[in-house]
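Structural features, examined
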Amino acid sequence: MFRIHNLFFGITLILLSAIAPEVQAQTDNDAIMMNKQQWCNGITYDHAQWNDYWEGTFKRTNQNIGTLTTQSVMAMSNYGITSNLNLLAGVPYVWTDASAGTLHGMKGFQDLSLFLKWKPITVDLRKGQLSLFAIVGFSTPTNNYEIGFLPMSIGLGSTNIMWRGMAYYRRGIFFVRASGTYIWRSNVSLDQTSYYTTQLNTTNQVEMPNQLTFNGSVGIYKKYLIAELMVDNLTTLGGFDIRKNDMPFVSNRMNATSIGAHVKYTFPFDTHLSVLAASNYVLTGRNVGQTLDFSIGMFYAFYLKKHAPISTTTLNKTN
Amino acid sequence: MKKKYAFLVIPAFLLILVPFSCKKTISGATANIPALDAGNEDLNAGNWKTFLLSRPDSFAVAAPSATNSTAYLAELNEIKGYQQNLSSSQQQQIKYWVAGGVLRWNEIMRGLVAKYNLPPYQEANGTYPIPNSNNPFAYPLFPFANPPYASRAYAYVSAAQYDALIACWYYKSLYNRPAPYKVDSTIKAAVTVTALPSYPSEAAVLAGVTAEMMKLLFPDEIANIEQLAIDQEQATIMAGAAVRSDIVAGEALGRQVADLFIARGRADNAGKAVGTPANWANFVTQTLSEGQIPWYSLESPQRPPMLPLFGSVKSFLIDSETVAALIPGPPPASGSQQMIEETEEVYNYVKNPSRDNIKLVEYWADGAGTYTPPGHWNAIAAADFIQQNYSEIRWARNMALLNLTLMDAAIVCWSTKYKYFNARPSQLNPSIKTLTGIPNFPSYISGHSTFTGAAATLLGHIIPARAAAYMQMAQQAALSRLVGGIHYRSDIDVGLQTGISVGGYAVQRAEIDGAE
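Residues numbered from 1 in each chain as written. Chains lettered and ligands numbered in written order. Predicted model: local features only at pLDDT ≥ 70, side-chain atom pairs only at ≥ 80, totals over all residues. Heavy atoms only, no water.

Thoughts on unusual backbone geometry
Residues and elements named next belong to chain B. Residues Phe142 and Pro143 are joined by a peptide bond in cis, for which omega reads 0°. Here Pro143 lies in the loop between α5 (101-116) and α6 (147-175). The peptide bond linking Tyr199 to Pro200 adopts the cis configuration, its omega dihedral lying at -5°. Tracing the sequence through the fold places Pro200 in the loop between α7 (180-183) and α8 (202-217). At Leu307, a position not held by glycine, the phi torsion is positive, near 40°. Locating Leu307 in the fold gives a position in the loop between α11 (277-289) and α12 (320-326). Non-glycine residue Thr372 carries a positive phi angle of around 75°. The topology assignment puts Thr372 in helix α15 (residues 372-386). (Helix = DSSP H or I, 4+ residues; strand = E, 2+ residues; numbered from the N terminus.)

So, in structure tokens, the structure goes:
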């Protein structure tokens, strides 16, 4: 049901990972919509790790970090205002750990995300059906967690607004989907009063570059099962490279291309319930970790008002 | 979609206005400060006590042309030529430099230290290459501007600027040639109008002395810094504050003074501070023979200790006997009850750190990639000095005292660290995880505590109204190292006391240098 808004959760969460712990679910980057007054809630667990990372374009390990593991548990909620207008929300609790060295792990609640997902257009073609979506999202830290201690920090601390356009084509049980997103990120404040990027900045304010992402996937969509393979790209529109043997920093130019597989299964014996599993891997990147992540989640959907019995066809409607 | 949902959808998509209305450009703390405005021009500063210059007139500066001479009048046209049509970038350039030469060079030095303060990356075989001043452009670039190196770099530049400005002030008084804006009323002054004579130009002296010092301290940056020196000189002319002959005489004087400091720097033992593998092994053997647990590198691959012989660097303010006398007694013995309790205390701080503690640690960390703790105190001092309306030479004198005492703090601290070579808390208890990186040198005494004790003592003498505030900052900085899990209580307490003692020598010097 919920895909952890790949960008906010993924990027802010995994810093050196960029794209995302994708927990498949409905939400900001798929074509599933809740029906009117249908409400879906769930929890996902994500485990992401990297050994290799890119210092600029130089791929290396760091024996003073070893394997950097980021885990999270995320609560998500998704409500169908109408069957073409959904409101999504989520907040994760994140904790980090380095398997080597002496750096202390960090933990805490991270960023709250809200999305409005609108499907204004569905067109029946001679073969298949095309839907277009417009999504706007907002995320902001739920507290003043430390951002100056990368890669141990649980997030980057910026308040983000994103706009996404998405197209979804389905024919029979097959579908293909593509989306593009622009993310505006607010500036952030450090605890320290000075920092070096490509020059010394005598302020605690950091200018955060905006980002672009693209996502494409192909999959099958059946009565109880949705499975897809996807490719994601993140490009940060500015920022600087991690200097040689330096630590990462919030305003690094973080780019990544990753592949993923996502599966969502609705139980035939109780179609309120669904589970999902996903995995993603960063193929290539810049100033990010070569993250491999796995996630699992479970969701429960029901109608707020008395309604006809939920059928899987209703649940899996795309319009 | 029904109209009632428009209230949700339309505002949501109107968030598109945010990027256009929220400006994200940031500016530094000193981006918009006014021109230097000295309450007192310190016209007698030619008599102040120098560090290396034997007399203020050791280097000859020829008498300038009279202000009614043809030569001088011709020079005024260079200023007028600029002032006919200053572009906005030229106005920015003027505004930047007239805020204060000592201030701007101090900011530039902090930037250089931050740029070069990165530990070398290991070779494939797990050993570490060492920066080589004879091949400074080869990786790892020379220098590795770690805290001791940085303290020495700040100190040499500040002391050289100070001595050079004493000579400059001597000749200003001697020749008493007024500034161009006093000679010709059509010349606009972008600086604060004063009675200070302009020959030789103090801005040019600073440009010359600082650029020249790069040959010793940041050889890869000579090209960049020479360009900045030209920018400062051009800005001073455009500002109507100096003619070309003021600049030429000033720059030449500055470079000659710098050469004295460079010669001293090449023989002050800093070049040997890295030590040899035999030295490094000897520290371990020595410590074991004393029945103590020796320091070892917590980096992987293990890295040789940082500048173990820095304690032998020649101080400006204190002699080597005094350095030896300032070294405190030993830390608690390995395995002693006190050491067990102190280690436990460190663990208790980091096992579940509060956000406030994390903030304290990050605020004062000044670790790899930054301008170092001495740089942080330069930033604190500079921000406060801006409010004090000092003359350029008093700025230079105060910065010199601050940086010389910080260098002395490094010398005494490093002498102590390598005399006792004791283990970090994470060695005695590997469960101790830290809130900042553990620097690659022994624990006792804490560098931060020694630096901040010395800086707070000296700055508290220069600005007595802030003395209590500086000491409180010093205590916070020292505490941050315990709270961060990288030091024991003894390291910070004894370190702070030692730093305060070191600072006392700078205060003694301040009382007799003629500036008070």
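Quick notes on the pairing of strand β18 (residues 273-286) of chain A
Residues and elements named next belong to chain A. By the bridge criterion, 12 bridges tie strand β17 (residues 255-266) to β18 in an arrangement that is antiparallel. Looking at β18, one finds that Ala261 is bridged to Ser279. Linking β17 back to β18 in an antiparallel pair, the connection comprises 6 residues. Of the pairings in the sheet, the one linking β18 to strand β19 (residues 292-303) comprises 9 bridges and is antiparallel in character. (Pairing = 2+ DSSP bridges.)

Digging into the packing of helix α16 (residues 392-420) of chain B against helix α20 (residues 489-512) of chain B
All names here are of chain B. Where α16 meets α20, the closest approach of the two axes is 9 Å, and the angle between their N-to-C directions is 145°. In this structure, α16 meets α20 at a crossing whose hand is right-handed. Together, Arg397, Leu401, Thr405, Asp408, Ala409 and Val412 of α16 and Thr498, Val502, Gly503, Ala506, Arg509 and Ala510 of α20 make up the contact between the two elements. Of the residues belonging to the contact of α16 with α20, the class tally is 6 nonpolar, 3 polar and 3 charged. (Axes fitted to C-alpha atoms, helices over the stretch in contact; angles between N-to-C directions. Left-handed = near helix turned anticlockwise from the far one by under 90°. Contact = heavy atoms within 4.5 Å. Nonpolar A, V, L, I, M, F, W, Y, C, P; charged D, E, K, R; others polar.)

Quick word on the confidence of the model for chain A
Residue and element names in this part refer to chain A. Per-chain confidence: chain A averages 89 in pLDDT, with 87% of residues scoring 70 or above. Scored below 50 in pLDDT, residues 1-25 shows 165 contacts in the model against residues more than four places distant or in partner chains. In this model, residues 313-319 is a region of pLDDT below 50 whose contacts with residues beyond four sequence positions or in other chains number 29 contacts. (pLDDT = per-residue confidence, 0-100.)

Describing the nonpolar core
Residues Met213(B), Phe218(B) and Trp377(B) are the most contacted members of the largest nonpolar core, which totals 132 residues. Here this core gets 18 residues from one element, more than from any other, and that element is α16(B). Once you skip the residues sitting within four places of it in the chain, Phe218(B) turns out to touch Met109(B), Leu112(B), Val113(B), Tyr116(B), Pro143(B), Ala145(B), Tyr149(B) and Ala153(B). Of all hydrophobic cores here, the second largest spans 32 residues; its members include Phe149(A), Met152(A), Phe240(A) and Met254(A). (Core = buried A, V, L, I, M, F, W, Y, C linked by side-chain atoms within 4.5 Å. Buried < 20%, exposed > 50% of the residue type's maximum accessible area, 1.4 Å probe, protein only.)

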